[in-house]
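Below, each chain spelled out in residue letters.
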Amino acid sequence: MASLYRTLLNGLSRTGAQIIDLAPGAAVLVHRRHGKWTSTDFGGGLHLVVDQRKSGKPERDLQKAASDHLCSRHVVEMLDHYGVNCVFDVGANVGQYGKRLRQFGYKGRIVSFEPVPRFLEKLEERAERDPDWHIFPCGLGRSDEQRPMHVEWNTMNSLLAPTDYGNAAYKRFRKGATEEIQVCRLDGLMDQALIGITDPRPYLKMDTQGYDLEVFAGAGERVGDFVGLQSEVALLRLYEGSPRMEEAVAEYEARGFEVTGMYPVTREKSTGRVLEFDCVMMRADAAAAGRGPGG
């Protein structure tokens, strides 16, 4: 005899909804319009659902959605495995990364850094109902200073000017407006950010559009406090003075971090070349000391 759960799902399917089972007691409910929804079976009961109406390039959307999903799952698995209880979210924009961590089950502290006022306002709104999501209204770098930042590039705002390649690849880089922002060293803020956490096990996520190594340098000797990190590393330079992937990874490896995952962030449309990867790295010797989910 069908369960009440299955009876309800079967009833909903008659309204035009598509039911995709994920696992016992879990399903994705999708309302189809003109046959534009597609799903891809990843095996083991896992499906990825894509709305083709939102893009003329459904395959590229599928690749991007799959990469983002797998990266988030991997990060939260590492946070759990290493007992991370505080994530430093550098380059938070409006809080997309923090929101995704919560959706994937991370329950520890989030400390977000965002210097651009209009994004900071949205970030604060997103975090206001989350008592363990803290906001610092500044950027991070090698020195405590005031610096001009390009602020009209949306999620690609940077303290660095675009390269010729970047200008050719992104029309948004032709907007030249800048604002003075406060840049701080991370090592000067860590004690404040970690107040109230017993036995801190922090993780450093950096997405600063070519400035990640400067953020890393600003952690000084406190880099050794982090059990893992995530950095956007570039194969093709979009920003003047930004490091290539091999330079950035070598610097992180020299401080004890090792790669656990690499996920494409953006690709060049005309060639398919990867511009940037999200690189996830952990300290292998910190795994045995992990204390379970979220602190």
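Structure shown above.
Notes on the structure in this doc start here. What you see is a predicted model, and the numbers here were worked out from it, not measured in a lab. Positions within a chain are numbered from 1, following the residues in the order the chain's sequence is written. Local features in a predicted model are, by the rule used here, given only for residues with pLDDT of at least 70; side-chain atom pairs are given and counted only at 80 or more, and totals for whole chains, interfaces and linings are based on all residues. Just so you know, side-chain values use all the structure's heavy atoms and leave hydrogens and water out.

Side note on helix H8 (residues 245-254)
We apply this condition: Each residue gets one of three labels from its accessible area relative to the maximum for its type: buried under 20%, exposed over 50%, partly exposed in between, using a 1.4 Å probe on protein chains only. By definition, any uninterrupted DSSP run of H or I lasting at least four residues is a helix, any uninterrupted run of E lasting at least two residues is a strand, and each is numbered from the N terminus. The directions from the helix axis to the C-beta atoms are what the arc is built from. In this description, contact between two residues means that some pair of their heavy atoms is separated by no more than 4.5 Å.
If you check which residues of H8 are buried, you get Met 245, Ala 248, Val 249 and Tyr 252. Summarising the axial view, the buried residues of H8 lie within an arc of 95°, below the 170-degree limit, and thus occupy one face. Summarising the contacts, the buried residues of H8 are in contact with strand E11 (202-206), helix H7 (212-217), strand E12 (228-234), strand E13 (258-267) and strand E14 (274-282). One or two steps after H8, the chain reaches Gly 256, where phi turns positive at roughly 100°.

Points about the sheet that holds E12
Stated precisely, the cut-off is as follows: Two strands pair if DSSP finds at least two bridges between them. Axis lines are fitted to C-alpha atoms, over the contacting stretch for helices. Their N-to-C directions set the angle, which ranges from 0 to 180 degrees.
Pairing is mixed in the open sheet, where seven strands are placed in the order E7-E6-E5-E11-E12-E14-E13. Single-partner strands in this sheet number two, and they are strand E7 (133-136) and E13. Strand-to-strand twist across the sheet, computed as the mean angle between neighbouring axes with direction ignored, equals 15°. The pairing of strand E5 (residues 86-90) with E11 spans five bridges and is classified as parallel. In the sheet register, Val 87 faces E11, and the bridge partner there is Tyr 203. Here helix H3 (residues 96-103) sits on the sheet in contact with E5, strand E6 (109-113), E7, E11 and E12, set at roughly 150° to E5. Of the strands in this sheet, E6 and E7 touch helix H4 (residues 117-127), which is tilted by about 165° from E7.

What to know about the sheet that holds strand E8 (residues 139-140)
Pairing is mixed across the open sheet formed by three strands, whose spatial order is E8-E10-E9. Either end of the sheet is taken by a strand with one partner, and the two such strands are E8 and strand E9 (145-150). Examined bridge by bridge, E8 and strand E10 (residues 178-184) share two bridges and lie parallel to one another. Paired with Gly 139 across the strands is Val 183, a residue of E10.

Overview of the pattern of salt bridges
Pairing between side chains becomes possible if they bear opposite charge and their charged atoms approach one another. Basically, it comes down to this: Throughout this description, the term salt bridge denotes a Lys or Arg side-chain nitrogen within 4 Å of a carboxyl oxygen of Asp or Glu.
Following the criterion strictly, the structure yields eleven salt bridges and no others. The shortest N-O distance in the salt bridge between Glu 128 and Arg 129 comes to 3.9 Å. Residue class for Glu 128 comes out exposed when judged on its relative accessible area of 56%. Put simply, Glu 214 and Arg 142 hold a salt bridge, and the shortest N to O gap is 3.0 Å. Of this pair, Glu 214 sits in helix H7 while Arg 142 sits in the loop between E8 and E9, placing them 72 residues apart in sequence. Residue Glu 214 is classed as partly exposed on the basis of its relative accessible area, which comes to 24%.

Observations regarding empty space enclosed by the protein
With a probe scaled to a water molecule rolled over the atoms, the places where space remains empty come into view. The cut-off we apply is this: Site definitions follow a grid-based scheme: protein atoms alone, a 1 Å grid, a 1.4 Å probe that fits but cannot get out for cavities, and for pockets an open set with protein on both sides within 12 Å along at least five of seven lines, plus lining residues having an atom within 4 Å of a point. Grid points are joined across faces, edges and corners, and a volume is the space filled by probe spheres set on the points. Polarity classes work like this: nonpolar for Ala, Val, Leu, Ile, Met, Phe, Trp, Tyr, Cys and Pro, charged for Asp, Glu, Lys and Arg, and polar for all others, with Gly in that last group.
Counted under the stated rule, the structure contains one cavity of 30 Å³ or more. In this structure, the largest cavity occupies an estimated 130 Å³ of space. Forming the boundary of the largest cavity are 17 residues, of which Gly 210, Glu 232, Val 233, Ala 234 and Pro 243 lie nearest the centre. Secondary-structure elements contributing two or more residues to the lining of the largest cavity are H7, E12 and H8. Looking at which element gives the most residues to the lining of the largest cavity, the answer is E12, with four residues. Counted by class, the lining of the largest cavity contains nine nonpolar, four polar and four charged residues.

Thoughts on unusual backbone geometry
The phi dihedral of Asn 154 falls on the positive side, at around 55°, and the residue is not glycine. For Asn 154, the location among the structural elements is in the loop between E9 and helix H5 (164-169).

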